[in-house]
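Spelled out from the first residue to the last, the chains are:
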Amino acid sequence: MAQLLSSQTAVCYWQRVRTATPLVFCMTNDVVTNWTANVLLAAGASPAMLSDPSESEALAAVASALSINVGTLHVAQAEAMKKAVASAQRAGKPWVLDPVAVGLLPLRTELCRDLLRESPTVIRGNPSEILVLAGEASQGRGADSTQSSDEALAAAKHLALGAKTIVAVTGASDYITDGERTLRIDNGHPLLQRVTGTGCALSALVAAYVSTALNRSEALDAAASACAVFSIAGEEAAQKALDRNEGSGSFAVYLLDALTTLDETTLEKRMERKMK
Amino acid sequence: MAQLLSSQTAVCYWQRVRTATPLVFCMTNDVVTNWTANVLLAAGASPAMLSDPSESEALAAVASALSINVGTLHVAQAEAMKKAVASAQRAGKPWVLDPVAVGLLPLRTELCRDLLRESPTVIRGNPSEILVLAGEASQGRGADSTQSSDEALAAAKHLALGAKTIVAVTGASDYITDGERTLRIDNGHPLLQRVTGTGCALSALVAAYVSTALNRSEALDAAASACAVFSIAGEEAAQKALDRNEGSGSFAVYLLDALTTLDETTLEKRMERKMK
Amino acid sequence: MAQLLSSQTAVCYWQRVRTATPLVFCMTNDVVTNWTANVLLAAGASPAMLSDPSESEALAAVASALSINVGTLHVAQAEAMKKAVASAQRAGKPWVLDPVAVGLLPLRTELCRDLLRESPTVIRGNPSEILVLAGEASQGRGADSTQSSDEALAAAKHLALGAKTIVAVTGASDYITDGERTLRIDNGHPLLQRVTGTGCALSALVAAYVSTALNRSEALDAAASACAVFSIAGEEAAQKALDRNEGSGSFAVYLLDALTTLDETTLEKRMERKMK
């Protein structure tokens with residue numbers, strides 16, 4: 001039922017982001033701020049971060065998109081996030097929720113449930129997080145998932161329909177669904193798990209991509225395209241690092257390089273290889 | 001009217017910092033803490049960071065210089081910054097203000113206006129930020145500038161005279177002025193815009209350099225020398241990354257490498273090339 | 001009196017961590033969050049970070065170990081740390097204290113003295129910090145030490161006995177002692193001082209290693225093994241960077257690579273070279 005994302009679609013949104021250089025307001029966790037900003041810059045977007053509630057409202061209104069990640073949430077940040085989401089909604093800007101470790105810890109679980117009622121444009125999470133948000137599971141182990149994305153697909157569809165959102169559940173395969181139409185991406189590499197914040201940065205990239213969508217159907221394509229571009233950059237980086245007997249340090253550097261230098265041919269070749 | 005900084009001057013301050021290893025107390029934004037610390041270490045300085053107001057006063061008194069960056073300002077940090085600036089002033093230590101996105105957002109705009117009255121030793125900003133501080137402009141777009149440094153030069157001089165400070169406005173060309181004497185640096189590379197926090201780290205490096213100045217005229221030379229060293233390291237790093245078809249990930253690594261391994265000959269050659 | 005750690009012991013704990021992938025809850029400073037997480041991932045552990053006091057208690061109870069670093073301590077974090085330590089103690093989980101710049105600044109000095117009474121499993125610090133905690137010295141200069149590890153060995157033993165803890169004092173040589181038995185490691189490289197947060201990340205790695213120990217004597221061996229593995233990765237990285245005329249940027253990347261790709265043969269060869 002899940003259709004493989006076409007390389008033409010991915011190339012289309014990859015070009016849109018390169019042209020638009022969307023300003024992505026990232027309210028994210030302390031661990032990944034620098035990394036997220038560099039991923040966005042490498043991918044052609046422009047990052048903006050801040051922490052004060054009085055400023056978050058103003059920036060959300062002018063940014064192209066908002067990305068919310070609850071990884072190191074504290075009470076003041078939760079307040080700033082709520083204001084930013086309300087401001088983005090009023091301004092008609094898309095926003096993405098990354099519900100890191102939801103279910104395991106109390107403050108973020110409460111905020112995620114609150115934000116779910118605000119219909120995020122996209123929720124991007126690992127299988128455990130999506131299962132928890134859909135009300136069907138147990139909690140993961142910190143930021144790691146204990147379930148596969150295949151196991152979470154039904155929950156993702158359920159959640160998308162219930163919360164009127166798009167759900168991107170990422171893992172060995174990525175599924176992006178609005179509850180009715182589902183796209184699949186089979187690209188990626190296990191080394192992406194060995195660098196902190198790859199999922200967090202992907203959520204911000206999804207925000208950049210959906211800011212170029214003109215309607216909800218395009219937003220589904222755009223979110224899937226972000227996942228494809230990131231996964232393919234991961235494949236390119238892994239191949240280079242493994243060819244040279246290097247580890248996670250070089251892989252992270254090559255991932256930024258690959259996002260910078262990616263071209264249509266590479267995108268097409270790596271996506272079509274998965275179709276055979 | 002703006003005079004090109006001589007390579008002898010840059011080499012002089014580059015050597016002073018290498019010899020003195022100044023302790024730079026950085027109160028900076030969440031996105032660039034690690035990067036700023038590593039830039040300072042690579043350049044021969046010693047970084048120190050902390051966040052509590054009660055500790056900021058004590059550290060500012062013993063550090064060689066203080067660097068203030070309002071990129072992710074929140075209320076408690078603003079309080080800690082004010083205490084640190086007052087403490088640095090009392091101890092006769094130089095301090096640098098980096099007014100990230102001033103004008104765009106309320107809290108930082110208010111703090112920057114307050115700190116302006118304390119006569120920072122140097123203000124380092126992009127053209128948009130300098131125009132806003134000088135009361136002549138509109139706001140930028142997040143951390144990016146929408147004006148060129150040439151357009152901001154008159155405002156920089158005006159601001160330097162009015163606030164009794166040195167203003168370093170950086171862009172394609174860098175101008176460093178005390179309102180009467182102006183130095184220009186034509187080194188640098190566009191890839192510096194593709195890594196987050198290069199401007200922020202430069203502000204901290206300016207603090208390291210001005211800590212070795214004996215008077216205000218030397219402080220102007222020192223601030224310009226910091227801009228020259230950083231720009232030239234950027235040129236070295238860009239050349240290596242582009243020669244190898246790499247992107248912003250490798251460029252950032254090579255920038256730290258270039259700051260570590262820079263020597264007098266490279267500084268002289270790259271500055272003199274710009275004089276022809 | 002200090003015995004050189006055997007390579008068999010280091011290999012044993014290196015394998016245990018690879019097998020167990022312990023979940024290390026790091027409450028650390030703002031400068032090193034990303035770097036610490038990537039060091040843990042490269043070394044085969046799983047990092048978890050958060051900042052809210054209400055969540056710190058819950059996570060400390062389920063994590064394999066807790067690592068406390070006071071580098072950018074603020075009042076709310078101090079509260080969260082106390083709750084986490086109490087929770088770890090109740091759950092019988094090991095915890096490590098990294099007393100960054102203790103003695104120099106008031107808030108952290110008070111917290112470190114409080115936490116000392118809770119008998120940390122391990123205290124990992126530089127010589128100046130250990131001398132201060134043992135009540136025998138003066139303060140360091142920010143995060144840097146002004147004394148050698150040899151000078152701090154007696155204080156380390158004294159502190160270990162007094163606080164019923166294991167003390168790891170790291171420098172040119174590393175000493176790990178419970179006050180009665182002392183292990184020494186002569187591996188390492190000066191370039192480790194040119195990257196921010198190497199000591200902080202080592203403290204988190206010590207937490208990962210001691211989580212695999214079955215008793216206090218094993219904890220001493222485990223803590224020393226963490227120091228050995230990290231120092232040897234540093235040697236590998238330094239050799240590669242210096243062979244290529246690179247600086248601190250490449251060194252940091254290669255350090256993560258070396259932690260990822262390290263094998264028993266390399267560990268044994270580099271440790272035995274020091275025995276001759």
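Above this text is the structure in question.
Conventions used here
Residues numbered from 1 in each chain as written. Chains lettered and ligands numbered in written order. Predicted model: local features only at pLDDT ≥ 70, side-chain atom pairs only at ≥ 80, totals over all residues. Heavy atoms only, no water. Least-squares fit on C-alpha atoms with pLDDT ≥ 70 in both. Contact = heavy atoms within 4.5 Å. Helix = DSSP H or I, 4+ residues; strand = E, 2+ residues; numbered from the N terminus. Expected span 1.5 Å × (residues − 1). Buried < 20%, exposed > 50% of the residue type's maximum accessible area, 1.4 Å probe, protein only. Core = buried A, V, L, I, M, F, W, Y, C linked by side-chain atoms within 4.5 Å. Salt bridge = Lys/Arg side-chain N within 4 Å of Asp/Glu carboxyl O. Pairing = 2+ DSSP bridges.

(A) Highlighting the relation of the copies chain A and chain B. Each copy superposes on the other: chain A lies on chain B with an RMSD of 0.0 Å after a rotation of 120° and an axial shift of 0.0 Å. This pairing of chains is accounted for by a three-fold axis. Among all residues of chain A, the one whose C-alpha sits closest to the rotation axis is A:D30, at a distance of 4.1 Å. A share of only 4% of interface residues in chain A that are also interface residues in chain B marks the association as one of differing surfaces.

(B) Geometry of helix α10 (residues 248-261) of chain A. Taking 1.5 Å per residue as the helical rise, α10(A) with its 14 residues ought to reach 20 Å, and the 20 Å between its terminal C-alpha atoms agrees with that figure. Most of α10(A) sits out of view: 13 of its 14 residues are buried.

(C) Here's a closer look at the nonpolar core. Membership of the largest hydrophobic core comes to 198 residues, with the highest contact counts inside it found for A:Y209, B:Y209 and C:Y209. Apart from the residues within four sequence positions on either side, B:Y209 is in contact with B:Y13, B:W14, B:V17, B:A222, B:S225, B:A226 and B:V229. With 92 residues, the next largest nonpolar core counts B:V70, C:L50, C:A88 and C:L131 among its residues.

(D) Structural view of the interface of chain C and chain B. Facing the 27 residues of chain C at the interface are 27 residues of chain B. Where chain C packs against chain B, one counts 2 salt bridges. When the shortest N-O distance is used, the salt bridge between B:E55 and C:R108 registers 2.6 Å. For the side of chain C that touches chain B, the secondary-structure elements that each account for two or more residues are α5 (106-116) and α10 (248-261) of chain C.

(E) Fine view of the environment of A:P53. Residue and element names in this part refer to chain A. Turning to its location among the elements, P53 is positioned in helix α3 (residues 53-62). You can call P53 buried: its relative accessible area is 16%. Along the backbone, P53 and A78 are 25 residues apart, and their C-alpha atoms lie at a distance of 9.0 Å. Those residues in contact with P53, other than ones at most four positions away along the chain, are A76, E79, A80 and K83.

(F) Structural context of the sheet that holds strand β3 (residues 46-48) of chain C. Residue and element names in this part refer to chain C. Strand order across the open sheet formed by 9 strands is β1-β9-β8-β7-β6-β5-β4-β2-β3, with mixed pairing between neighbours. Pairing within the sheet leaves two strands with one partner each, and these edge strands are β1 (3-4) and β3. Two strands pair when backbone bridges link them, and strand β8 (residues 174-177) and strand β9 (residues 182-185) are joined in this way by 4 bridges, in the antiparallel orientation. Residue pairing in the sheet places Y175 in a bridge with R184 of β9.

(G) Spatial organisation of unusual backbone geometry. Even without being a glycine, A:N245 presents a positive backbone phi close to 55°. Among the secondary structure elements, A:N245 is positioned in the loop between α9 (216-243) and α10. Overall, the relative accessible area of 66% leaves A:N245 in the exposed class. The backbone phi angle of C:A101 is positive, close to 55°, even though this residue is not glycine. Looking at where C:A101 falls in the secondary structure, it is placed in the loop between β5 (95-98) and α5. The class of C:A101 is buried, set by a relative accessible area of 7%.

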